[in-house]
Each structure stands twice: as C-alpha cells, then as structure tokens.
Amino acid sequence: MASVSAIGARRRQPAALIFGAHIAALGVLRRLRARGVRCYVVDDTEDIIVRSRWYRPAERKLPETPDSDVLAEYLDGLKLDRAVLFPCSDNWMLAASGLPERLRERFPGSFPSRDVVEQFVDKERFSVLVDRLEIPRPRTVTLATPEDLDRLTDDELTHAFLKPTDPQLHRRHFRTKGTFVHSRAEAERVLRAGAAVGVSFVYQEWIDGDMRSTTLLEGFVDRNGAMPGLVLRRRIRVAPPMIGNTVSSYTAPLEEAEQATADLRRMLADVGFRGAFNVEFKYDVRDGLYKIIELNPRPAWYISTIAAVGLDIPWAMYRDAQGLDVEPAPPFPLGRVQLYEFRDAVAIAGFLRRFRRPPGSVIGPWLRGDRTVFWWRDPMPALHGAMLFLSRRFGRRRAAGAGTPDPAT
C-alpha cells in the first residue's frame, strides 16, 4: 500500500489535460495513468477514449478547435490550479501552441510555438521549409487554382497524388488523406471540389516501392533541444491501399536510415522544435535517398506502443513541461510489431478478397504484437471501437448499395 506521503506527493503533481478522442489521446491517457498522473479529457466526444477505465472528463468539455483564443477562454474558466496540456491532434496543437504567455505557467506544455506547428501542418509551408534546408523530398508543386495544373505535364498527371495543404479540413469533408488522379480533367474536378470547401492542394510525386520502403521515425525533443529517444519503424501494411495510414509496422535499426535521421535532426534544430513528433520518409531506389513525406508535430497513433519499446513520450512531455529532466530512453528492441487492430484487419481482408497474400507476416504479429487499442487491463475501448468501426462500415456499404458514393474508398 502506498504511504500517505507518496499519495500526497502524487496529488501535488499537476494534472494532465488531454485534448483528443481517438487512439493517440487514449495512448497518452493510459501511459500517464500508469505513472500515477491525474488525467482529464477535454473533448466533447463519444469516441473510444470515453470507454477507458481511466477516463475522467474535464470539469467542462470543449469541441475540438484550432483557435487559441477559444482555448484560452476555456482554460481561464477552469478551477484547476495547474495542469500540463497534451494536444493530440493538429487542430488542438495549433490552439495550444498559440496560447498567450500569461497562461504558460498555470498550463505548461511541451510543444513548439504556433509558427513552428504551422510549418508542419500546412503542407505548402512544409514544402518551403524542406526546400530551404535542401532535404530530399518527392517533387511537389503548389496547386492553388486549376490553372496551376499547367505547370505539370500530361504524363505527370496520369498517376498523380494531390495532397491537401490542410489535412484535417480535407479529411472532414472527403475522409481521405488525399486523392490519386489519372488525367488533367480529373485533377481539375478535385481542385474545384476542394476549393468549394476551402481546401487547396499540392501535387506530390508518387515514389514507387514496397511497404518496407516507408520509414517512420518517432521521437521527442526537450526544451534544451536534446533528443532523449528516437525509434525507427518500417511499414508492414497500410489501409486504405496506397494513400492510407500505417496499420502495422515493426521496429528496425536506426543505422538503416542514417541519411533520414540526420536530415530530421537538422530540420528540428533549424526550427527550434520541442515536443513529440512522428515523421515519414520513403526510400527512392532511383537515387538511393530517403525522401521526407510529412512530419506530425504531436503525439501520434502509436505513442503507446512506442512507450512499450522504451520511449515513453507522454511521460517525457509531462516532465519537460515542468522544467524537469528527461532521462534518455534505453535501446529499443528490434523486430517488435505495432498494430492498429481494426485497420490492420481491413488491410488483411482486402488482400484475401483478391486472393492475394498480405504483405508481411500475419499470425505472429497478431499473437505477439503491441496493440494500440486492445489492452487486457483496459478492454472496453477496443470493444466500443469495434462496434463503432463495424457500424460505420456497414453504414457505408448500405449507402453504396443505395447509390451514394463512399468518399472513404
């Protein structure tokens, strides 16, 4: 049994305010509660996080917003003496990173300034940053209007990927990360549809390669610019095909991607980055270079499985926000698999329906892999998530059967 003094010390620790509803926020909640940190979730949501045994709503809820003034007004009205902020989406990170200085002592956080966040969230600004630092990347062209397509040849537009400059706004309307087009007319239609809802695009060259050519780096930078840990993963499967998210991956040696890690460190140092990040590179066999695709300046989907291999980013953020030292992470085990179970099942089923073997192994990872949703100690989010997932897919199939297009496919 914990001593009275130990219990009192935990109560004197600042609480954590978690901004998010899905698996990144759930991972933060689980890892902080394992450290004895009081946690409160701000989002007005019915997503999987509310089913966690450790879920506690904040005294007032707030819908997700990128507006720093709205968040500041919300925080001013809370009774909490002090709390560390954990924004777990692009919008929440934009809001938190732009808070006025007067709130920073009462509500500290380990994340970059708003200007730095915007350089990574806005894909057009990100492209400018990468070009300035001369970091290898796929060819990228800004497409503000259909007339900008004149900068691309017909050949380039026969297999082009149009990537939104505001991914969250695009996902809200179209439920995808971007769109493949196969002609100039198709590209014009996508640009006009985006413009109607305030979404612009960049053309990004598609780099061919197998699943393992996608390399993911997950890490943390403290307030002094030190990086106490960095984990490298290689993709096993993705869903939806090609332009979806990584749904299974495995840890691999950092030495396999020295150029990528060196470019990443140089970029983070240049902008004065602080906090959690997840970055995607893709290996291009044509020139032997790792080319940067995107960087997410926040806790990402696999933050709990990254903690399971030794890099506890939520705990590092919690300590760093308070001006405390962050211990270097131990070497991470190689070949450890991470799964987002629902989406990985969809990816596997998609291959089997086409009578094709799924890439990578299946049974071993599902038996021994680290899961993002299902925990024996906290099973309800997985059960709730499975029901939500099946109902959404069944609803989309019914809509498709009725002749309504499914924007997620």
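Please read all numbers here as calculations on a predicted model, not as lab measurements.

Draft legend 1. Spotlight on the overall build of the protein chain. Along the protein chain, the regular secondary structure elements total 14 helices and 15 strands. Rg of the C-alpha trace for the protein chain: 21 Å, near the compact-globule value of 22 Å for 409 residues, within the 12% margin. Based on the C-alpha atoms only, the size of the protein chain along its principal axes is roughly 70 × 45 × 45 Å. In the protein chain, buried positions account for 54% of the 409 residues. Put simply, of all contacts in the protein chain between residues at least 6 apart along the chain, 68% involve residues at least 24 apart. Summed over its atoms, the accessible surface of the protein chain is roughly 18,700 Å², and 53% of this surface lies on carbon and sulfur atoms.

Draft legend 2. Main features of unusual backbone geometry. Between Ala-239 and the following residue, Pro-240, the backbone shows a cis peptide bond with an omega angle of -10°. Within the fold, Pro-240 resides in the loop between β10 (229-239) and β11 (245-251). The backbone phi angle of Glu-134 is positive, close to 55°, even though this residue is not glycine. Unusually for a residue other than glycine, Phe-355 sits at a positive phi of about 60°. Note on placement: Phe-355 falls in the loop between α12 (341-353) and α13 (363-368).

Draft legend 3. Highlighting the sheet that holds strand β2 (residues 39-43). In space, the four strands of this open sheet follow the order β3-β2-β1-β4, with parallel pairing throughout. Looking at the sheet topology across the chains shown, the edges are occupied by β3 (57-62) and β4 (83-87). Geometrically, the sheet is characterised by an average inter-axis angle of 20° between neighbouring strands, direction not taken into account. Of the strands in this sheet, β1 (15-19), β2 and β4 are in contact with helix α2 (residues 23-34), which crosses β1 at around 165°. Packing against the sheet, helix α11 (residues 313-321) makes contact with β1 and β4, and its axis sits at approximately 135° to β4.

Draft legend 4. Expanded view of the state of the cysteines. Inspection of the entire model under this criterion finds zero disulfides. Residue Cys-39 stays outside any disulfide, its sulfur separated by 10 Å from that of Cys-88, the closest cysteine. Residue Cys-39 is classed as buried on the basis of its relative accessible area of 4%.

Draft legend 5. Inspection of the confidence of the model for the protein chain at higher detail. For the protein chain, per-residue confidence averages 89 on the pLDDT scale, and 93% of positions sit at 70 or higher. Every residue in residues 4-8 scores below 50 in pLDDT, and together they form one contact with partners more than four places removed in sequence or on other chains. Between residues 399-409, whose pLDDT stays under 50, and residues either more than four places distant or in other chains, the model counts 11 contacts.

Draft legend 6. Local environment of the nonpolar core. If you look at the biggest cluster of nonpolar residues, it comprises 46 residues, and the most contacted ones within it are Ile-18, Leu-32, Phe-86 and Ile-313. Top contributing element to this core by residue count: α2, with seven residues. Once residues within four sequence positions are removed from consideration, Leu-32 is found in contact with Ala-16, Val-37, Cys-39, Phe-86, Pro-314, Trp-315 and Tyr-318.

Draft legend 7. Just the environment of Leu-367, in detail. Within the fold, Leu-367 resides in helix α13. For the pair Leu-367 and Ser-89, spaced 278 residues apart in sequence, the C-alpha to C-alpha distance is 30 Å.

Draft legend 8. Quick peek at the packing of aromatic side chains. In this structure the tally under the stated criterion is 12 aromatic pairs. Seen from their ring centres, Phe-19 and Trp-92 are 4.9 Å apart, and the 55° between their planes marks the pair as tilted. Here the residue Phe-19 occupies a position in strand β1, and Trp-92 occupies one in helix α4 (residues 90-97), the gap between them amounting to 73 residues. Given a relative accessible area of 1%, Phe-19 falls into the buried group. A centroid spacing of 5.9 Å and a plane angle of 80° characterise the contact between Phe-120 and Phe-273, whose relative ring orientation is edge-to-face. Residue Phe-120 is located in helix α5 (residues 114-121), and its partner Phe-273 is located in the loop between α9 (258-271) and β12 (275-284); the two are separated by 153 residues in the primary sequence. Phe-273 sits in the buried class, given a relative accessible area of 3%. Here the aromatic residues Phe-120, Phe-126, Phe-273 and Phe-277 are joined through ring pairs into a cluster of three or more. A cation over an aromatic ring shows up here: Lys-282 above the ring of Trp-206, its NZ or CZ 4.3 Å from the ring centre.

Parameters and conventions
Residues numbered from 1 in each chain as written. Predicted model: local features only at pLDDT ≥ 70, side-chain atom pairs only at ≥ 80, totals over all residues. Heavy atoms only, no water. Helix = DSSP H or I, 4+ residues; strand = E, 2+ residues; numbered from the N terminus. Rg over C-alpha atoms; globule rule 2.2 N^0.38 Å. Buried < 20%, exposed > 50% of the residue type's maximum accessible area, 1.4 Å probe, protein only. Contact = heavy atoms within 4.5 Å. Areas by Shrake-Rupley, 256 points an atom, 1.4 Å probe, with all protein chains shown as cover. Pairing = 2+ DSSP bridges. Axes fitted to C-alpha atoms, helices over the stretch in contact; angles between N-to-C directions. Disulfide = S-S within 2.5 Å. pLDDT = per-residue confidence, 0-100. Core = buried A, V, L, I, M, F, W, Y, C linked by side-chain atoms within 4.5 Å. Phe/Tyr/Trp six-rings, centres within 6.5 Å; stacked < 30°, edge-to-face > 60°. Lys NZ or Arg CZ within 6 Å of the ring centre and 35° of its normal.

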